[in-house]
Every structure is written in C-alpha cells, then in structure tokens.
Amino acid sequence: MFIQPSALRLLTVHAHPDDESSKGAATLARYAAQEVDVMVATFTGGERGSVLNPALDRPGVRADLARIRWQEMAAASEILGVRQRFLGFTDSGLPGPDEPLPEDCFALLPTAVAAEPLIALIREFRPQVVVTYDETGGYPHPDHVMTHRVTVEAFEAAADPDRFPAAGEPWQAAKLYYHLALSRAWFRTMHEAMTARGVDSSMGELLADWPDTPPALATTTRIRCAEQFAVRDAALLAHATQIQPGAGFMAHPRDIECEVWPTEDYHLARSLVETTLPESDLFAGLRPGEEHG
Ligand SMILES: [Zn+2]
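Residues numbered from 1 in each chain as written. Predicted model: local features only at pLDDT ≥ 70, side-chain atom pairs only at ≥ 80, totals over all residues. Heavy atoms only, no water.

Draft legend 1. Looking closely at the environment of A269. Mapped onto the elements, A269 comes out in strand 7 (residues 263-271). Separated by 94 residues in the primary sequence, A269 and K175 place their C-alpha atoms 7.7 Å from one another. Leave out the neighbours within four places in its chain, and A269 touches L176, Y177 and Y178. (Helix = DSSP H or I, 4+ residues; strand = E, 2+ residues; numbered from the N terminus. Contact = heavy atoms within 4.5 Å.)

Written as structure tokens, this is what we have:
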C-alpha cells in the first residue's frame, strides 16, 4: 500500500508540558510545515514542576501552576503547528534521593493502567511513527523513565487485538524512535565552536564532569531542522514558567548552533518497514512510492 503525504502521522510522547519543546521541537515544526499531521501526547499536567523563571516565581503563579501550564502548552502547540492531548496523569515531581514519590503520581502506576489512554490515542490517531525517550528517560526524572516504559508497551499493545479491546481498533505503528537530544557530543561540539569563536561558553564545567564514554544508543537518524530552531525557541519561551530567557539552553548563540549542529537526532528502536541507515527522515520507508508493510 502507498501512503499519501497528507496521510503521514507523527506521534511524540512526553512526560510533562515543555518536554515537547525542549526535545525534538524543531523536528515537529519541520514535519508540521510539510503537512504531516503531528500529535503531542503529554502524560501529566506538570503540576508538581518548579517555577524555573525567577521573574515568574511568585505565590500567585505557584498556586495556579496547573492551569498556567495548561495555557502554556496550548500556546506552544499553536507555535509548533501541532495538535496536543493530555493523557490525564499526575506529575510525580522530582523527589530527593531519600524522598518517596507521592502516592497519586504517574510514575507509581501499573504499566497497563498508564498505557490505556495512550493505546486509545494510538488507535484513534493511527501514527506511522512514534517518538519517545530511551530507557534512561534521557533525564533522571521518574516520569521520563515511566514514559519510556509505557510508550514501548503501548506501541506493542495497540497492535494486539486481544489487548485493551475497549480502547479501539488495533493499530500497528511502523516505527519507534528514541530522542538523542542534548548528548555529550552536542555539548562538546557547541563548547568547542563557541570557544574557537571567542564566545564565552558555560558548558566547560558540565563537560568536565561528564565521562566521555561511547553513547549507549547509535544515532541512526538526523533530521535537518535548523530553519525551525527559531520556532523551537518560541515554543520553549511559551512555557514561560519553565524557561529563563537568556539562561540555560537559551544562552548559546543560535547562529553557531545552526552552523555546527543543524540537526535533531534519533535512534530507530523498532521498524516494521525496510529502511536504510543512516536516515534523514523519520518517515523513510513510508513515503509514497516506497513499499509499506
Ligand atoms: Zn519532563
């Protein structure tokens, strides 16, 4: 069968509002601009997040954070040109090493309970491509690790007619990818490029503490999306309580990033279609004229 371009659908699954804008956002904007139907699924409302923008860290904002983050998410979706669905679970927060997770939180749910709304969404939206985090979560937050586990489970279970029969008609997505955002190689390349151009880099300390071991997952797929970095940044800034303008990820010069690292990178974890590595397109093997399944 051949899939027409307008029938290409990309689902990206995240833990909290803002994660879609900090991991793979330029990719989403690029595909949305090509009229791929892009859906962001967000497991939790981010209600236990901190206010990371000092300008907005005041009691009124903290007390109303759930509603504010909902609005920020809507603004970011509009900027990226994507649809978005909250899956209805509660943020686990980021407890200290000896602190227990809150009882009602997403990360403590049985995988099957957490997977059902995502399975229903996969069966309704019918994506060919699903993107989520690797098994480390990409970031040591219990909701991110849980997001990986539940999404892998849902990718399989959505296709199985015997599982979750009340959650819609079975759908087999063709490819599953993991984000490789903010790798050590990215920080090293940016740090060296900034230093060589006489620009102050605050990344040296972080790199010095980061063991230079080979990455666990190979980069199989690089999406050129420097043209969409400005859209990515606008989406990030729409999460105003979570982003301090000019600091952290917002600090490095965009022209240098566009020059030395103009891609967002992925690991192809599963594929039910033929594809040749390395890829430059998440839909490689699924484009019109290419055999599918
Ligand atoms: Zn998150």
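Draft legend 2. Highlighting the side chain of D143. Tracing the backbone shows D143 in helix 6 (residues 142-157). The charged side chain of D143 is buried without a salt bridge, its nearest counter-charge being R48 at 7.4 Å. Of note is the side chain of D143, whose polar atom sits 2.4 Å from the side chain of S92. (Buried < 20%, exposed > 50% of the residue type's maximum accessible area, 1.4 Å probe, protein only. Lys, Arg positive; Asp, Glu negative; His and termini not counted. Salt bridge = Lys/Arg side-chain N within 4 Å of Asp/Glu carboxyl O. Polar contact = N/O pair within 3.5 Å; in protein donor to acceptor, adjacent residues only side chain to side chain.)

Draft legend 3. Expanded view of the packing of aromatic side chains. A complete count under the given rule lists 9 aromatic pairs for this structure. Centroid distance F43 to F89: 6.2 Å. Interplanar angle 45°. Geometry classified as tilted. Here F43 is found in strand 2 (residues 37-44), whereas its partner F89 is found in strand 3 (residues 83-89), with 46 residues between them in sequence. Comparing F43 with F89 shows no difference in burial state: the two are buried. Ring centres of W70 and F86 lie 4.3 Å apart, and the angle between their planes is 25°; on these two criteria the pair is classed as stacked. Taken together, the residues span a long stretch of sequence, with W70 in helix 4 (residues 65-80) and F86 in strand 3 at a distance of 16 residues. (Phe/Tyr/Trp six-rings, centres within 6.5 Å; stacked < 30°, edge-to-face > 60°.)

Draft legend 4. Up close: the packing of helix 4 against helix 9 (residues 229-238). Where helix 4 meets helix 9, the axes come as close as 8 Å, and the angle between the chain directions of the two elements is 170°. Looking at the two axes, helix 4 sits roughly antiparallel to helix 9. Contacts between helix 4 and helix 9 pair E72, A75, A76, I79 and L80 from the former with V231, A234, A235 and A238 from the latter. A class-by-class count of the residues in the contact of helix 4 with helix 9 yields 8 nonpolar, no polar and 1 charged. (Axes fitted to C-alpha atoms, helices over the stretch in contact; angles between N-to-C directions. Parallel < 35°, antiparallel > 145°, perpendicular 65-115°, else oblique. Nonpolar A, V, L, I, M, F, W, Y, C, P; charged D, E, K, R; others polar.)

Draft legend 5. Seen up close, the sheet that holds strand 6 (residues 221-224). Taken together, the 7 strands give an open sheet; going across it, the order is 3-2-1-4-5-7-6, and neighbouring strands pair in mixed fashion. Among the strands making up the open sheet, the edge pair consists of strand 3 and strand 6. Taken pair by pair, the neighbouring strands of this sheet meet at an average axis angle of 25°, ignoring direction. Alignment of strand 6 against strand 7, held across 4 bridges, turns out to be antiparallel. Its bridge partner lying in strand 7, R224 is registered against T263. Relative to the sheet, helix 5 (residues 111-125) contacts strand 1 (9-14), strand 2 and strand 3, its axis offset from that of strand 3 by approximately 155°. (Pairing = 2+ DSSP bridges.)

Draft legend 6. Just helix 7 (residues 184-196), in detail. In a regular helix each residue adds 1.5 Å, so 13 residues correspond to 18 Å; helix 7 covers 18 Å between its end C-alpha atoms and thus fits that length. Buried residues of helix 7: R184, W186, F187, T189, M190, A193 and M194, and no others. Each element contacted by the buried residues of helix 7 is listed here: helix 8 (204-208) and helix 10 (254-260). Of the residues one or two after helix 7, G198 is the one with positive phi, at around 75°. (Expected span 1.5 Å × (residues − 1).)

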